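So the chains spell out like this:
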Amino acid sequence: MKKNNVILISVSAALLLALSIGTLLTPDVDFSPNENRYLQKAPKLTAENILSGQFSEDAESYLSDQIIGREAWVRLKGMTEASLGVRDMNGIYLCEDGRAVERITEEDFDWNQYVRNLNQLAQVRDDAGIPMDVLIVPSAASVYEESLPDHALRFDEEKAFEEAEKILGDSLIDLRQTMKEGAAEGSNGSGGSEGANGGVFFKSDHHWTNYGAFLGYKAWLSNLGVNVSPLTYDMTEPTLLSDDFHGTLYSKVLLNTLGTDTILTPAYSRRAECTVEIEGKTYDSIYFEEKLETKDKYAVYFGGNYDRVDITCMEGDGAVLVIKDSFANSFVPYLMGDYEHITMVDPRYFREDVTSLASGCDRILVVYSIKDLAEQKMNLAASLMN
């Protein structure tokens, strides 16, 4: 064996050994603010875990999550791959327009869970006997498909919306064309404002922008029969919350080429007089300004996600029940001039009977990303939880 090969192998082995020892000797990190998630804990060595394969799976995740200098390695890996022209890395696609979008393939999309959730929504609507509107937010990959890398893998989103229309009927509000037109408007500079020109999804995060949420709101009003032609984005007086937001997609690659995003919100929701009840505490605003000093700046809306949030506004009429994922957090501010009472429930955490809760409302509004509809198990009523 050549001397150079021996040196290379020895150095590599020493580096791996040093990393392994360093990882084992340093205290485990419970939570990663940069990724906004809890990290894998040390796996339990039991016969059951070994036989099921769970131990090896958890051990691999543990070493990946807890490796010493993890963020530096992620950044180095991202920079190296990007310099080599790689545009598919760590679960995201790097698009031609400088944004990142989530990679959702057929293997990622749980069709059985998706259909079960759609059927649960339809059953709640039928049992409650009140109107329901379902806003399914399409994937960013479908909206910005022309900017995706060549041969990018995706799930069959056309089929998914056809399935939703079959189950939900007139309750479904299809946002695909609206979002695509909004994205095109921003990309050609005709959006008319900084927020519109920023696009309908953040460049560094999986959520839609304030402009994307506005387009969803406008589509919902149109579905209700409201004449929305005079309503423009600028009329909502988009107000700056943050101009240095690095989202969840940035955290996967830590590439500075993604830049920072801007978080905006309608001015009237900032001025609105209201009471907000969250986990037994009462607040006078839906905005938690202290979250703007953290990595997870999107949590400025409501402080995060909870099982139930109740909002009582000084303006507006009637009551609406919002069944939601985190996409609704930036959407609900637009409702604060329309309804007196807004109740938000997150099926990930809410364990009461949603149908009974809906009986006190005039309308049900579902705001959910298509990815979460196929990923999260809804618990909408005791009879539907199995």
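Look above for the structure.
Figured I'd write up the structure that's included with this text. Every value quoted in this text rests on a predicted model; they were computed, and no experiment measured them.

1. Some details on the environment of Leu-258
Item 1. Counting through the fold element by element, Leu-258 comes out in the loop between α11 (248-253) and β9 (261-266).
Item 2. Judged by relative accessible area, which is 6%, Leu-258 ranks as buried.
Item 3. Each C-alpha atom of the pair Leu-258 and Lys-203 lies 6.7 Å from the other, and the pair is 55 residues apart in sequence.
Item 4. Among all residues touching Leu-258, those that are not within four sequence positions of it are Leu-94, Gly-98, Arg-99, Ala-100, Lys-203, Tyr-250 and Val-253.

2. Regarding the state of the cysteines
Item 1. By the definition in use, this model includes 0 disulfides.
Item 2. We note that Cys-274 lacks a disulfide partner, and the nearest cysteine sulfur, in Cys-313, lies 5.7 Å from it.
Item 3. Overall, the relative accessible area of 6% leaves Cys-274 in the buried class.
Item 4. Residue classification places Cys-313 among the buried positions, given a relative accessible area of 3%.

3. Re a negative patch on the surface
Item 1. On the surface, Glu-106, Asp-156, Glu-162, Glu-165 and Asp-170 cluster together to form a negatively charged patch.
Item 2. Topologically, Glu-165 is positioned in helix α7 (residues 157-168).
Item 3. You can call Glu-165 exposed: its relative accessible area is 51%.

4. Regarding the sheet that holds strand β15 (residues 363-369)
Whenever strands of a sheet pair, they do so through backbone hydrogen bonds, lying parallel or antiparallel.
Item 1. Spatially, the 8 strands line up as an open sheet ordered β7-β6-β15-β13-β14-β12-β10-β11, and their pairing is mixed. Of all strands in the sheet, those bounded by a partner on one side alone are β7 (172-174) and β11 (281-283). Pairwise comparison of adjacent strand axes, ignoring direction, gives a mean angle of 20° for this sheet.
Item 2. Looking at chain direction, strand β12 (residues 308-313) and strand β14 (residues 341-345) are connected through 5 bridges and run antiparallel. Looking across to β14, one finds that Val-309 is bridged to Met-344.
Item 3. In the packing of helix α5 (residues 111-128) onto the sheet, contacts are made with β6 (132-137), β13 (319-324) and β15, and the angle to β6 comes to roughly 160°.

5. Re the pairing of β6
Item 1. Across the 6 residues that make up β6, a large majority, 6, are buried.
Item 2. Burial along β6 is two-sided: Met-132, Val-134 and Ile-136 and Asp-133, Leu-135 and Val-137, pointing in opposite directions, are all buried.
Item 3. In terms of strand pairing, β6 meets β15 through 6 bridges, oriented parallel. Note that in β15 the partner of Val-137 across the bridge is Ser-369.
Item 4. Alignment of β6 against β7, held across 3 bridges, turns out to be parallel. Across the sheet, Leu-135 pairs through a bridge with Ile-173, a residue of β7.

6. Quick notes on the pattern of salt bridges
Item 1. Taken as a whole and judged by the stated rule, the model has 15 salt bridges.
Item 2. The residue Arg-176 makes a salt bridge to Glu-158 at a minimum N-O spacing of 3.0 Å. Of this pair, Arg-176 sits in helix α8 (residues 176-187) while Glu-158 sits in helix α7, and the two are 18 residues apart along the sequence.
Item 3. Here Arg-270 makes a salt bridge to Glu-289, at a shortest N to O gap of 2.3 Å. Taken together, the positions of Arg-270 in helix α12 (residues 267-271) and Glu-289 in the loop between β11 and β12 put the pair 19 residues apart, joining distant regions of the chain.
Item 4. On the accessibility criterion, Arg-270 (35% relative accessible area) is partly exposed.

Reading guide: rules and limits
Residues numbered from 1 in each chain as written. Predicted model: local features only at pLDDT ≥ 70, side-chain atom pairs only at ≥ 80, totals over all residues. Heavy atoms only, no water. Helix = DSSP H or I, 4+ residues; strand = E, 2+ residues; numbered from the N terminus. Buried < 20%, exposed > 50% of the residue type's maximum accessible area, 1.4 Å probe, protein only. Contact = heavy atoms within 4.5 Å. Disulfide = S-S within 2.5 Å. Patch = residues over 30% accessible without salt bridge, like charges linked within 9 Å, V, L, I, M, F, W, Y side chains within 5 Å. Areas by Shrake-Rupley, 256 points an atom, 1.4 Å probe, with all protein chains shown as cover. Salt bridge = Lys/Arg side-chain N within 4 Å of Asp/Glu carboxyl O. Lys, Arg positive; Asp, Glu negative; His and termini not counted. Charge placed at Lys NZ, Arg CZ, Asp CG, Glu CD. Pairing = 2+ DSSP bridges. Axes fitted to C-alpha atoms, helices over the stretch in contact; angles between N-to-C directions.

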